[in-house]
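Chain residues, written in single-letter form:
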Amino acid sequence: MRRMRRHDFSRRLMAESQLSVNDLIYPVFVLEGNARKEQVESMPGVERLSIDLLIEEARELVELGIPAVALFPVTPQEKKSLGAEEAYNPDGLAQKAVRALKREFPELGVITDVALDPFTTHGQDGIIDDEGYILNDITTEVLVKQALSHADAGADVVAPSDMMDGRIGAIRDALEAAGHVNTQILAYSAKYSSSYYGPFRDAVGSAGNLKGGNKHTYQMDPANSDEALQEVAMDIEEGADMVMVKPGMPYLDIVRRVKSELQVPTFAYQVSGEYAMHMAAIQHGWLDERKIVMESLLCFKRAGADGVLTYFAKRVAQWLNEK
């Protein structure tokens, strides 16, 4: 076996997996206001940007060849409510950002997060009852309104990340009825109730609202694998075009099972906690940034992911464009 590993040319010829710019989705956090930029403390190198600065960032992403961005709004506390009404405000931050991005860069894919946690005063992904339990069907009604407002603004892909039962079918039916027949759905089908999300909740400002609560009653148990296949199959049947596994690297076995057993477009999210751990080790000099990041993303491809949503996307695209 070592003969084929002896030379660079032969290693390249027999490589089973490849990573390219086409595999990258770049998550961006957007703020209200103008000329505003805020560092996310728990995610070194990641910033929240106002829409005008987001446009500048997007111009560089387009030049690098990154196919799509995933948009996450930072909602001011005064706009949060129990009913998450701001989530479907046609003049809301996410909706304004979508219109600005599509106006300037129609070729850049814009993916929007369909979930209520950035808009609720309690930080949960849905509407709660008096005991704090998420009401599935009422939440789905609000998610449909949110998805329609994103599609109306010009989003190419709506990405429900809430894990409510039946929401993909409801959103697909609503999109069709509203004439948005080509709006794609990226379903967060296998989203686990993970401890790796902490820095993201800091970034969008929902950590303080959650107040130590958890999302065990609607996100998946990390102990389960077969359940993920059932979730994915249901979402595809309801009209999802693509599915997401989240988190990424600790759940590469799920990526492999979804891709191998269901053979659908499969994406993975290298989440904020994964990014923060890498950056902590990199900044301490314990790991080589370029080598470890490229290896980690190649592992996603080896597992079967068609693409990866990663906070490293911009710098990876820069490295790949150097070749």
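Here goes a summary of the coordinates provided. (Residues numbered from 1 in each chain as written. Predicted model: local features only at pLDDT ≥ 70, side-chain atom pairs only at ≥ 80, totals over all residues. Heavy atoms only, no water.)

1. Quick word on the environment of Ala-153
Stated precisely, the cut-off is as follows: Numbering goes from the N terminus for both helices and strands, where a helix is a DSSP run of H or I of at least four residues and a strand is a run of E of at least two. For every residue, the accessible area obtained with a 1.4 Å probe (protein chains only) is divided by the maximum for its type, and the residue is called buried under 20%, exposed over 50%, and partly exposed between those limits.
Mapped onto the elements of the fold, Ala-153 is located in helix α4 (residues 136-153). Ala-153 gets classed as buried once you look at its relative accessible area, which sits at 8%. Along the sequence, Ala-153 and Ala-303 sit 150 residues apart, while their C-alpha atoms lie 35 Å from each other.

2. Looking at the packing of helix α8 (residues 226-238) against helix α9 (residues 252-262)
Rule in force here: Only the stretch in contact is used when fitting a helix axis, every axis being a line fitted to C-alpha atoms; angles between N-to-C directions are given from 0 to 180 degrees. In what follows, roughly perpendicular refers to angles from 65 to 115 degrees, roughly parallel to angles under 35, roughly antiparallel to angles over 145, and oblique to any angle outside these ranges. The crossing is said to be left-handed when, going from far helix to near helix, the turn is anticlockwise and less than a right angle, and right-handed when the turn is clockwise. Contacts are assigned to residue pairs with any non-hydrogen atoms lying within 4.5 Å of each other. When residues are sorted by character, Ala, Val, Leu, Ile, Met, Phe, Trp, Tyr, Cys and Pro go into the nonpolar class, Asp, Glu, Lys and Arg into the charged class, and all the rest, Gly among them, into the polar class.
Two numbers describe how α8 lies on α9: the axes approach to 10 Å, and their chain directions differ by 50 degrees. Comparing their axes, α9 and α8 come out oblique. Between α8 and α9 the crossing geometry is right-handed. Taken together, the residues of α9 that come into contact with α8 (itself represented by Asp-226, Ala-228, Leu-229, Val-232 and Ala-233) are Ile-254, Arg-257, Val-258, Glu-261 and Leu-262. Classifying every residue of the contact of α8 with α9 gives seven nonpolar, no polar and three charged.

3. Focus: α4
Note the following rule: A helix is expected to span 1.5 Å multiplied by its residue count minus one.
A rise of 1.5 Å per residue sets the reference length of α4, with its 18 residues, at 26 Å; its end C-alpha atoms lie 26 Å apart and thus fit the reference within 8%. Residues of α4 that are buried: Thr-139, Thr-140, Val-142, Leu-143, Val-144, Gln-146, Ala-147, Ser-149, His-150, Ala-151 and Ala-153.

4. Side note on the nonpolar core
Using the following cut-off: Buried residues of nine kinds, namely Ala, Val, Leu, Ile, Met, Phe, Trp, Tyr and Cys, make up a nonpolar core once their side-chain atoms join them within 4.5 Å.
Core analysis: the biggest nonpolar cluster contains 84 residues, and Phe-29, Tyr-269 and Val-316 have the highest contact counts within it. Sequence-distant contacts of Val-316, that is, excluding residues within four places in its chain, are made with Leu-19, Leu-24, Val-293, Met-294 and Leu-297.

5. Considering unusual backbone geometry
A cis amide bond links Lys-246 to the next residue, Pro-247, at an omega of -5 degrees. Position of Pro-247 among the secondary structure elements: in the loop between β8 (242-246) and α9. Unusually for a residue other than glycine, Ala-84 sits at a positive phi of about 55 degrees. Residue placement: Ala-84 occurs in the loop between β4 (68-73) and α3 (93-104). The buried category is assigned to Ala-84, whose relative accessible area is 0%. Notably, Met-163 is not glycine yet its phi reads approximately 70 degrees, a positive angle. Position of Met-163 among the secondary structure elements: in the loop between β6 (157-160) and α5 (167-177).

6. Some points on the pattern of salt bridges
Let me state the cut-off plainly: Each reported salt bridge corresponds to a side-chain nitrogen of Lys or Arg within 4 Å of a carboxyl oxygen of Asp or Glu.
Considering all chains together, one arrives at 22 salt bridges under this definition. Put simply, Glu-57 and Lys-314 hold a salt bridge, and the shortest N to O gap is 3.0 Å. With Glu-57 in helix α2 (residues 51-64) and Lys-314 in helix α12 (residues 313-321), this residue pair connects regions lying 257 residues apart in the sequence. Here Glu-57 matches Lys-314 in class, with each residue buried. Ionic pairing is found between Arg-257 and Glu-261, a salt bridge with its closest N-O pair at 2.8 Å. With Arg-257 and Glu-261 both in helix α9 and four residues apart, this pair spans about one turn of that helix. Overall, Glu-261 belongs to the partly exposed group, its relative accessible area being 46%.

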